[in-house]
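# Reading the structure
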Amino acid sequence: MNLIRNYVLFTAGLFFAATAFSQKRIHGIVKDYHSDERVPFASVSFQNTTIGKLTDSAGTFSFYLDKWPSDTLLITCVGFQPFKLYIPASKDTILIEVPMERGTFNEGVRVKTKVNKGLLLWRKIVQHKSKNDRYRFQNFSYELYNKLELDIKNLKFGITKLKPFKPVNDIINQYMDTVEGHRFLPTYLTETISDYYYQKKPLKRREVIKAVNTNGIKNESLIQFLGGMDQNINVYNNFIPVFDKQFVSPASDNGDLYYNYSVKDTQIIGNNRYYHLVFTPRRNGTSTFEGDCWVHAGTFAIQKMNMRLGKDANINHIDNLSLIQEYSLINDSTWFLAKDKFVADGSLFGKDRPGAIGRKTTTYRHVVVNDSSVINALNNNRIIEEVVTLPGAPDKGKAYWDTSRHEQLTSTERGIIAMIDTLRNAPEFKKLTRTIEFIATGYLDIGNFQIGPWFNWLTGNSQEGFRMRFDLGSNKGFDKHWWWHGYLAYGFGDKKFKGKGELFYLPKKHPRLYLYGSYIQDFDYGQNYYGEVSTDNIFALAVRKPNIPIKFLKTTQERFEFFNETRSGFSTLLAATHKNFLPVRNLISEDSFPVTGNRSPLATTEVSLRIRFAYLEKFLENTFFRTSLGSPYPIGEIYVSRGIAGVFKSNYNYTKVSASISDYVKIPPYGNLSFQVYGGKTFGTLPYVLLDIAPGNELYYYNKYAFNTMNKYEFIHDKFAGVNIEHNVGSGIFRLIPKLKFRQFWTAKALWGSLSDANYALNFKQGNNFQTLNGKTYLEVGTGIDNILKVFRIDFVWRLLPTPLPTEIDRKFGIFGSFRLSF
């Protein structure tokens, strides 16, 4: 019997083995080429046959056949271009990854029905928001893993053959990757693991960064932006931020005004039914997405949302953009965010030119909701939002990351880390990056010193003639707490030297505390009044208005500052300043003002205090200085100064008080609004250089903070109030011609001012050109076209009040240009 049984088993084994070896097998994964996300329930079939199936919920498919039904495999899915795969007859086993290029969600025949199932499903999603949005919980926490990657694309156009790139050509080609004929260079990767805590009422947020891998970048302020505090996207919100724009969410309460909805399919996954909802923009040129989502039947919770920009979306420098969010059940009925992904690629110079691809992948684990442990963690907050980087977080080793990251790195991602290490130590690459930085910023590090900016080196004017200037300062290599800088300038026309020296000491960065001292002897090239730009650079020569005499005022100044900031957003700046003014041309001379004893007629010594409140303001910092990224709340300032006569030949006693409030507000879908309200008063009888000089603009380059149809020193006051408003509408009327991607805006600026009789008598002398409003209104309004060729803006500005004199008819209207890079 054993012999018979072994014979049967042996024969059966030969039969199955022969069958297996004669069988054709194909296994594949269907992915979105742009986002690298798997595409579920795509149709996979052999062309011109009835043999086919759908990919599963993970985007995979398999066929086991006796022979190939045809030589072409056809893969199709809503929103993607059809993909055809040629199958050689001699092949028995094929393993394939299918990259699906984007198509349109509008293909197929439109069928009119009495009931729009897509619209009904959207309404159900909106009705159930309060039960599915994660912010419905009183508190929650999770562990967050955030991965950011940057690739350089379209290097096939020979950028590495350009002379500056030739030294690093071999390094670049070594790590170049190719996908379906598209060449890209993976260049940067960061990883962050943190614990995130949220409380609804009262609102509190906290993030504790436990580990961060920045591959060489040690900027602490940048590390804090790599977590999850500033990268939250919620598809249940009415609007979704995309860079500095606000796009209407497909799950918006008013989504039916912006989207067409349709149900394409219904699938069963793990005993749960899901609807496949597709959405497309109703109108071209609006800030909307196109895409699809899978919606759980019964709870009407979004299980997965895929969004991408429509072809006519008014956003700059972005060729493709994908936003993906996935939700999972953390118990029988509670859905919570499990993963989100953001992929954007674009170029400053055109779609097919070298550009960048940015990828952000975030996963969420160990979710806890409505638990006392969250409250206990948030009790450690000193302010309502706090990001803490634990000691040693940037120093975690390979063993830690291998066991702690939520998903393992791909071979490409591991190659990025190796390449970054190679490039950072390559002398050719260091030289290249220094050259690019010098051209872009104007500054160049030489050892422990820094020269620049280069655009101040050469300029000229009617007083100084040809002017040369050279700057020298220290950098972080010299010292990480002390910074010094100075420049020396020489005018070949007046044959005189000018210069500046300054010293800065930063003992504490968080919260910030510093000491600063400076000495300057030079012409006043910028009034520094509510943001006016300096004209001491090479670019100002080409855009100055004609027939307006340049006012030359030489200033000698010594200044000392003490700055202290609190974690709550309050900061104080205490300063002592001594100034001596010397009018040189086209201004009232110092001989016109009386003096007492050995005092100087235009000298002042003052102490001042500025109090500023900017709650939750964020900054991007380097070793010494920082750039504000704004605050979600209005920013207020109060300034008080006291002039003291008789100190260092100062000639005047006076008191100045001023205040301002500014804010930047997003008002989707109507763009954004920025405003500044300010006012002040001077107590004392003073020469014009110490009064409040209304900010004029004598350039054709538009100044946001100045009155662009007003000249410098045209209006002076000792009491004033003003308001600046700018409303960027977005596409506005230009959505009718979406290909141009123009943007619409309007501006309004008003000023009220007056001058006391004593100050009028002192300053309004024969031959001067000063004016005062005497309680009247100065008003200018403007509109124009923004985003011309993605970088230029034209402002058309009208001066409505006061009415210019008949000899000043050209002052009623002006055209101004400017440029900026924005999304």
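Here the structure is a predicted model, which is why all the values come from computation and not from measurement. (Residues numbered from 1 in each chain as written. Predicted model: local features only at pLDDT ≥ 70, side-chain atom pairs only at ≥ 80, totals over all residues. Heavy atoms only, no water.)

Let us now look at the nonpolar core. Within the largest apolar cluster, 47 residues are counted, with the highest numbers of intra-cluster contacts made by Phe140, Phe289, Ile302, Met307, Leu309, Leu321 and Leu323. At five residues, the largest contribution of residues to this core is made by strand S19 (residues 335–346). The residues touching Ile302, leaving out its near neighbours within four places in the chain, are Ile125, Val235, Tyr236, Ala251, Cys293, Trp294 and Tyr327. (Core = buried A, V, L, I, M, F, W, Y, C linked by side-chain atoms within 4.5 Å. Buried < 20%, exposed > 50% of the residue type's maximum accessible area, 1.4 Å probe, protein only. Helix = DSSP H or I, 4+ residues; strand = E, 2+ residues; numbered from the N terminus. Contact = heavy atoms within 4.5 Å.)

This brings us to the pairing of strand S5 (residues 72–76). Bridge count for strand S2 (residues 43–46) against S5 is four bridges, and the pairing is antiparallel. In the strand pairing of S5, Phe46 is matched with Leu73. Counted along the chain from S5 to the antiparallel partner strand S6 (residues 83–86), the turn is six residues long, and its residue Gly79 has a positive phi close to 95 degrees. (Pairing = 2+ DSSP bridges.)

This part is about a nonpolar patch on the surface. A cluster of nonpolar residues, Leu515, Phe560, Phe562, Phe570, Leu574, Leu609, Ile611, Ile638, Val640, Val657 and Phe683, forms a patch on the protein surface that exposes about 880 Å² of accessible area. Examined against the element boundaries, Phe570 turns out to sit in strand S30 (residues 570–585). The class of Phe570 is partly exposed, set by a relative accessible area of 40%. (Patch = residues over 30% accessible without salt bridge, like charges linked within 9 Å, V, L, I, M, F, W, Y side chains within 5 Å. Areas by Shrake-Rupley, 256 points an atom, 1.4 Å probe, with all protein chains shown as cover. Salt bridge = Lys/Arg side-chain N within 4 Å of Asp/Glu carboxyl O.)

Taken in spatial order, the three strands make up an open sheet running S4-S1-S7, and their pairing is mixed. The open sheet has two free edges, formed respectively by strand S4 (60–65) and strand S7 (93–100), since each of these has just one partner strand. The sheet shows a mean angle of 15 degrees between the axes of neighbouring strands, direction not considered. Examined bridge by bridge, strand S1 (residues 24–32) and S7 share eight bridges and lie parallel to one another. For Lys31, the partnering residue across the bridge sits in S7 and is Pro99. (Axes fitted to C-alpha atoms, helices over the stretch in contact; angles between N-to-C directions.)

What helix H2 (residues 117–127) keeps buried is the set Gly118, Leu121, Trp122 and Ile125. Viewed along the axis of H2, the buried residues span an arc of 100 degrees, placing them on a single side of the element. As for H2, its buried residues are in contact with helix H3 (129–132), strand S14 (259–269), strand S15 (272–281), strand S16 (289–296) and strand S17 (302–309). A side-chain oxygen of the first residue of H2 lies 3.0 Å from the backbone nitrogen of Gly118; this N-cap is Asn116. (Arc of directions from axis to C-beta. Polar contact = N/O pair within 3.5 Å; in protein donor to acceptor, adjacent residues only side chain to side chain.)

Quick look at the packing of aromatic side chains now. Applying the stated criterion across every chain, the model contains 52 aromatic pairs. On the numbers, 6.1 Å between centres and 40 degrees between planes, the contact of Phe438 with Trp457 is tilted. Of this pair, Phe438 sits in helix H9 (residues 427–441) while Trp457 sits in the loop between strand S23 (449–451) and strand S24 (458–461), and the two are 19 residues apart along the sequence. Their ring planes at 85 degrees and their centres at 6.0 Å tell us that Tyr701 and Phe819 sit as a pair that is edge-to-face. Within this pair, whereas Tyr701 is found in the loop between strand S37 (692–693) and strand S38 (716–717), its partner Phe819 is found in strand S43 (residues 813–819), the two being separated by 118 residues in sequence. Here Tyr701 falls in the partly exposed class, since its relative accessible area comes to 30%. On the accessibility criterion, Phe819 (55% relative accessible area) is exposed. (Phe/Tyr/Trp six-rings, centres within 6.5 Å; stacked < 30°, edge-to-face > 60°.)

With that settled, consider unusual backbone geometry. Of note, the amide linkage connecting Pro668 to Pro669 takes the cis form, showing an omega dihedral of 5 degrees. With respect to the helices and strands, Pro669 occurs in the loop between strand S35 (654–666) and strand S36 (672–683). Going from Leu801 to Pro802, the amide bond is cis rather than trans, its omega being -15 degrees. Structurally, the position occupied by Pro802 is in the loop between strand S42 (792–801) and S43. The residue Asn370 is not glycine, and still its phi comes out positive at about 50 degrees.

With 14 residues, helix H8 (residues 411–424) ought to run about 20 Å at 1.5 Å a step, and its terminal C-alpha atoms sit 20 Å apart, in line with that. Those residues of H8 lying buried are Glu413, Ile416, Met419, Ile420 and Leu423. Seen from one end, H8 has its buried residues packed into an arc of 110 degrees, which puts them on one side. (Expected span 1.5 Å × (residues − 1).)

Bringing the environment of Gln199 into the picture now. Relative to the assigned elements, Gln199 resides in strand S10 (residues 182–199). Given a relative accessible area of 8%, Gln199 falls into the buried group. Sequence separation between Gln199 and Leu378 is 179 residues, and the spatial gap between their C-alpha atoms is 7.8 Å. Residues within four places of Gln199 in sequence aside, it is in contact with Gln138, Asn139, Lys204, Ile375 and Leu378.

To continue, consider the sheet that holds strand S3 (residues 52–54). The strand order S3-S2-S5-S6 describes an open sheet built from four strands, whose pairing is antiparallel. Of all strands in the sheet, those with a lone pairing partner are S3 and S6, marking the two edges. When strand polarity is set aside, the average angle formed by the axes of neighbouring strands in this sheet is 15 degrees. Sheet analysis places S5 next to S6, joined by four bridges and oriented antiparallel. Of the residues in S6, the one forming a bridge with Thr72 is Tyr86.

With the rule as written, the count across this model stands at 35 salt bridges. Between Glu97 and Lys31 there is a salt bridge; the shortest N-O distance is 3.6 Å. Residue Glu97 is located in strand S7, and its partner Lys31 is located in strand S1; the two are separated by 66 residues in the primary sequence. Salt-bridge contacts for Arg359 lead to Glu149; the nearest nitrogen and oxygen are separated by 3.9 Å. Separated by 210 residues along the polypeptide, Arg359 in strand S20 (residues 355–369) and Glu149 in strand S8 (residues 139–153) bring together distant segments of the chain. Judged by relative accessible area, which is 11%, Glu149 ranks as buried. Through salt bridges that share partners, Glu37, Lys304, Glu326, Lys339 and Lys341 make up one connected network.

Below, the discussion takes up the confidence of the model for the protein. Looking at the protein as a whole, its pLDDT mean stands at 84, while 86% of the residues score no less than 70. Scored below 50 in pLDDT, residues 7–21 makes zero contacts in the model with residues more than four places away or belonging to other chains. Here residues 107–111 scores under 50 on pLDDT; set against residues more than four positions off or in separate chains, the count is three contacts. (pLDDT = per-residue confidence, 0-100.)

We now examine the pairing of strand S31 (residues 603–613). Sheet topology note: the S30/S31 ladder contains 11 bridges and is antiparallel. Residue pairing for S31: Ser571 is matched across the bridge by Arg612. Both S31 and strand S34 (residues 635–643) contribute to a ladder of eight bridges, which runs antiparallel. Bridge pairing in S34 links Val607 to Arg642.

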